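Next come the chains, spelled out residue by residue.
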Amino acid sequence: MSQERFTTSREVYHRIRWDSRIDAREFVVGYDAHRGAMEEMPFEAFVPDGEIPWHRVWYFKRGTQVVWDRKARIDLLSNARPAEEPASAPSPSVPGFTSLPAWRFDSGSWREASNTQAHALPPPSTLTVATFNVLFDLYDAELLATERRTPAALSLLRETGADVIALQEVTPSFLQALLAEPWVRERYWLSDGPGAQTVATYGQVLLSRVPLTSVWQRVFSRDKRIIAAELRLSGGTLWVATPHLTSNRDPSGASARAVQVEALLEWARVLGASSETEPPDLVLAGDFNFGDGAVEAASFARAGFVDAWSSLRPSEAGETFNPRLNTLAAITTVSGTLQRLDRVLVASASGRLAPEAVELFGEAPLAGPPGPSGHALFASDHFGLHCVLRRAAVASSTRTSTALVHHTALVLIPPEDVWGPIQALRKKHDAKFHRWMPHVTLLYPFVPEEDFETAEALLVDALQGVEPFDVTLSTFGHFEHRANATAWLRPDDQPSGALTALYAKLVAALPECATSAHGGFTPHLSVGQLPLSSDIARTLAEWQRAWRPLKFRAGELCLIRRKGDAPFEVIRRIPLSQAPRAIPEQEDVLASIGSGESQGGHAARTAAVEQLRQHCERIGTTLHPYGSYLLGTDGAGSDVDAVAIGPASLSRDDFAQALLQALAPGTARYVADAAIPLVKLSIGGVSFDLAYASRPEGVPPGDPLTLLEQHGSRLDPAGLRAVLGLADTLGLMGAIAHDARFRNLMRAVKAWARARGLYSHALGYLGGLSWTLLAAWACTRATPDALRSDASLLAHFFATFSSWPWPQPVTLTPETARYRPEGKRDLLPVIAPALPARNTARNVSRSTFRVIREELLRAHELVSKARASRTPSAWTALFQPPAADELPTAALRLSADAPSAEDREAVAGWILGHVTALVYRLEGDRRLSVRPLQPAQAGGALIIGLEARDAAALSWHPSSPLFAAVEAFRASFQEWTHRPSSAVLQIEWVRGD
């Protein structure tokens, strides 16, 4: 008896994707992440035929309901017909959102509340909102003391007295404790009840003193959703939603968060469009899991949302996740970064609802004994946020003055030759070490960058007659805040009062910037933050005893700005009268360390290119070099990348054989099984990687870009990729405005990346195109100050990318700016300039991503030191290869053995082309970190360094994950179709002492 065929995962996917009766946003995909461990992702984040193959998709869920399951052979979608589908709740107001009951305590128990019970209430003059991530204990439970934290958190929430409370990471047990609280039962409506339907295993809950007219949820996965509620007020409807967006702890966090952000923005758009009168007021309160300057923050701002903290307290960081102060955050953090993750965002088209006050709560440790870790215990790893919203009639007037921003400032910066002792303190104690340079704040917040020209003109006029003066940093002081203290150095001026007089002139020129967090102008240079305790005075006294006064001449003021999470940088300098000229940077500093090349080397490559061009023309093809040769950034020993384009009648194999016959024996070979088949050849000592693309039938010879634009879809994949390489280079050339500076920068970056082992796409780092794109981005966004010398531009490059908010893509063109990172292959997206948009750094893995970031930070620090010393010898450390103590002691050594040199080269090429597969297998054991290292010489052994959080991960026996990964790699080598018959792959396990 035959069974009916079971629908495949591919068929189910496309059914959900294209059936007009189904809203794909309601679904999640369950898949086998590794060795049977199941994970989920939003349906919209799944890439068909991408990194996750169809056979690893095990189920689809709609909300909490499984609609297709491979193992249980459940299929509720394929055979369903509209007439047969069970009756469902009324269609939600917003696509993707489903209805939930509201709950209230009545007659001795929690009951579902009917919508008719929610009558419109008179609008209060203010509405208070509190949001708090209460910290689940699914991990590290033994360190979190939840039995103490839960009652403490409930007490904090009661004390807020908020009209609306948004909670995240609520577990069923926390919800039960919440439902049992008398103050909750007496005053609040809830979005969930005793059944805990939306918090398994954890989720969000809304509490409201105002009756809830309706409650909705948008489900992304088991633990990720949006809870939204409608509050009916006689003055107009108010909608509140609480998100808990996916964090970057998840490898696919950026792509999942992008889906969630878009769902919130669409929620806002649809509610606004569907309103019969004026758009409703909207409030988002929750854990957004992105920091200031993130692309998501800009998306919400463009949609009309006002960030309460940024608008009311722009000069204060307001970190709600602070591992330096909060010991629970120190336990749960991965990066150690201080961030403002929790936010209250308000959108009020009428202007009726606006933030009036905002503050943190839960900043103090709990009374009583320390926590299980031996440190003070806090209610959660997050601080809460309490916001007062003003409800008023729409104002008839609008602001006419320029709004100040907190990403610009006017400061006094000491010269770099006195930075050393200051930076030593700041690096240890200042959470803003990488964001700010050492400085004395004069005006902050400040006018937007687009107003710098006007501000500079006013300041130059106001500073006429102000002479340079001496400043001495000799004495420590501090400011006390609610949760900590800021330690600072006092700038003593000579003549006395020069700084105060300077500040008075600045304020007279820009009176709107006359703000101060400390009750007046107190000149200071911040060096760090200290916990509030009786030890502050003792700590500062210890610093004072070891401190030697620093004296410098104040001769100029600096207008600075930062973009996103990048550090502040100087945009304009305003000299005081008779200010001394700065010591010029050595223009030849990069050439002095050997980054440049004589013109003879490039001329030799040009001659070789012309010889190869003649060979190609005899075969009936045209030669198009690209890459570093065409850009002029080639250096000693550089290969030349090129593509030959020929007629449809000339196949790739025929072209290769014709070229091999035309060249001297032993100078060329055809690599047919590469992703892009290549002829690797040498002419006059110049090496070439030559690809081939044949024009489609009937297409005459012409411009390669025209071929790509008009007939790209008819090119075979290898030919298309080769022509795209040329198009990418031409796109780069069109974007770069500072050719000479760019070429010098590119050579320096290449020299550094090669020295540190980072110049290799095959090993999981960045290839030449990726590094070139980063250099081009730095050049096109550089300020005139950064472009004044090769050294300053190199400093700008490392300052930018050592703090880049990955996985935010680096893109050069408006067309590629739409690229959205997706999945584990987009950890560090550097997007090619030619369409279609492609990530040129898709081989970057979890481990190599960490290595790249650490090396960029190291380079940033070394460049700063080298510039301060102003001596060529100081640059040497930047270009030194890793020392032995910087590398892992445990490693795998991969090498090839074959009878002939040609076979050995082929096997070495196979190893290099497949090593990332081994890296991914090794990283399947989350305890392992991997560092592939370049062979010491051409054809030499390839080393894969290994580090482990747990020594057991380095066990070398047949049942260990490490051994299994190596054996799988051996098996793939044996399955290689073009493997030389006598070739041997050697893998040695090397364990240092």
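Residues numbered from 1 in each chain as written. Predicted model: local features only at pLDDT ≥ 70, side-chain atom pairs only at ≥ 80, totals over all residues. Heavy atoms only, no water.

**Some thoughts on the overall build of the chain**
We count it as follows: The helix count covers DSSP runs of H or I at least four residues long, the strand count covers runs of E at least two residues long, and both are numbered beginning at the N terminus. For every residue, the accessible area obtained with a 1.4 Å probe (protein chains only) is divided by the maximum for its type, and the residue is called buried under 20%, exposed over 50%, and partly exposed between those limits. Whether two residues are in contact is decided by their heavy atoms, any of which lying within 4.5 Å being enough. Exposure was quantified through the Shrake-Rupley algorithm and a 1.4 Å probe, taking into account, for residues, occlusion by the shown protein chains and nothing else.
Scanning the chain from N- to C-terminus turns up 25 helices and 37 strands. Burial statistics for the chain: of 993 residues in total, 52% are counted as buried. Taking contacts inside the chain between residues at least 6 apart in sequence as the whole, the part at least 24 apart equals 68%. Of the roughly 43800 Å² of accessible surface on the chain, a fraction of 51% belongs to carbon and sulfur atoms.

**Remarks on the sheet that holds strand β13 (residues 212-219)**
This is how the line gets drawn: In short, DSSP must find at least two bridges between two strands for them to pair.
Judged by pairing direction, the sheet is mixed, and its seven strands sit side by side in the order β6-β13-β14-β15-β16-β18-β17 without closing on themselves. What marks the edges here is a single partner per strand, and that holds for β6 (98-100) and β17 (306-307). Bridge count between β6 and β13: three bridges; the pairing is antiparallel. Paired with T98 across the strands is Q217, a residue of β13.

**Some details on the side chain of T633**
Take T633: it is sitting in the loop between α16 (628-631) and β30 (640-646). Judged by its relative accessible area of 1%, T633 falls in the buried class. The contact partners of T633, leaving out residues within four places of it in the chain, are S628, F742, R743, M746, R747 and K750.

**A short note on the sheet that holds strand β28 (residues 569-575)**
Two pairing modes exist for strands in a sheet, parallel and antiparallel, and in both the strands are linked by backbone hydrogen bonds. The criterion, for reference: Throughout, an axis means a line fitted to C-alpha atoms (over the contacting stretch in the case of helices), and angles, computed between N-to-C directions, take values from 0 to 180 degrees.
Read across the sheet, four strands follow the order β22-β21-β27-β28 without closing on themselves; strand pairing throughout is antiparallel. Looking at strand neighbours, the two that pair on one side only are β22 (440-443) and β28, the edges of this open sheet. On average, adjacent strands in this sheet sit at an angle of 35° to one another, irrespective of strand direction. Strand direction decides the pairing type here: strand β27 (residues 556-561) and β28, joined by six bridges, are antiparallel. Across the sheet, C558 pairs through a bridge with R573, a residue of β28. Sheet strands touched by helix α12 (residues 498-509): β21 (408-412), β22 and β27. Its angle to β22, the strand with the most contacts, is close to 30°.

**Re the pairing of strand β23 (residues 469-480)**
Inspection of the sheet shows β23 paired to strand β26 (residues 550-554) by five bridges, in the antiparallel sense. Bridge pairing links T472 to K551 in β26. Inspection of the sheet shows β23 paired to strand β24 (residues 484-494) by ten bridges, in the antiparallel sense. Bridge assignment links D470 to a residue of β24, and that residue is Q494.

**Considering the packing of helix α24 (residues 901-923) against helix α25 (residues 961-974)**
Put simply, the test is: Handedness of a crossing follows from how the near helix is turned relative to the far one, being left-handed for an anticlockwise turn of less than a right angle and right-handed for a clockwise one. By the convention adopted, Pro, Cys, Tyr, Trp, Phe, Met, Ile, Leu, Val and Ala count as nonpolar, Lys, Arg, Asp and Glu as charged, and the other residues, Gly among them, as polar.
Interhelical geometry of α24 versus α25 gives an angle of 145° and a closest axis separation of 10 Å. Viewed along their axes, α24 and α25 form a crossing whose handedness is right-handed. Residues V907, W910, H914, V915, L918, R921 and L922 of α24 pack against L962, A965, V966, A968, F969, S972 and F973 of α25. Of the residues assigned to the contact of α24 with α25, the class counts are eleven nonpolar, two polar and one charged.

**Considerations on the nonpolar core**
Definition in use: For our purposes a nonpolar core is just a set of buried Ala, Val, Leu, Ile, Met, Phe, Trp, Tyr and Cys residues, chained together by side-chain atoms within 4.5 Å.
With 80 residues, the main nonpolar core has W752, W771, F797, F801, L878 and I944 as its most contacted residues. In contact with I944, not counting residues within four places along its chain, are A890, A891, L892, L894, V915, L918, L922, V930, R931 and P932. Of all hydrophobic cores here, the second largest spans 66 residues; its members include L127, A152, W183 and W309.

**Focus on the environment of S125**
Mapped onto the secondary structure, S125 falls in the loop between β8 (109-113) and β9 (126-133). Relative accessible area serves as the criterion here: at 52%, S125 is assigned to the exposed category. Sequence separation between S125 and R391 is 266 residues; the distance between their C-alpha atoms is 5.0 Å. Setting aside its immediate chain neighbours within four residues, S125 contacts L389, R390 and R391.

**Some thoughts on the pairing of strand β3 (residues 57-62)**
Where β3 lies against strand β4 (residues 65-69), four bridges are found, and the strand directions are antiparallel. Across the sheet, residue Y59 finds its bridge partner in β4, namely D69. Between β3 and β4, which pair antiparallel in sequence order, lie two residues; one of them, G63, sits at a positive phi of approximately 65°.

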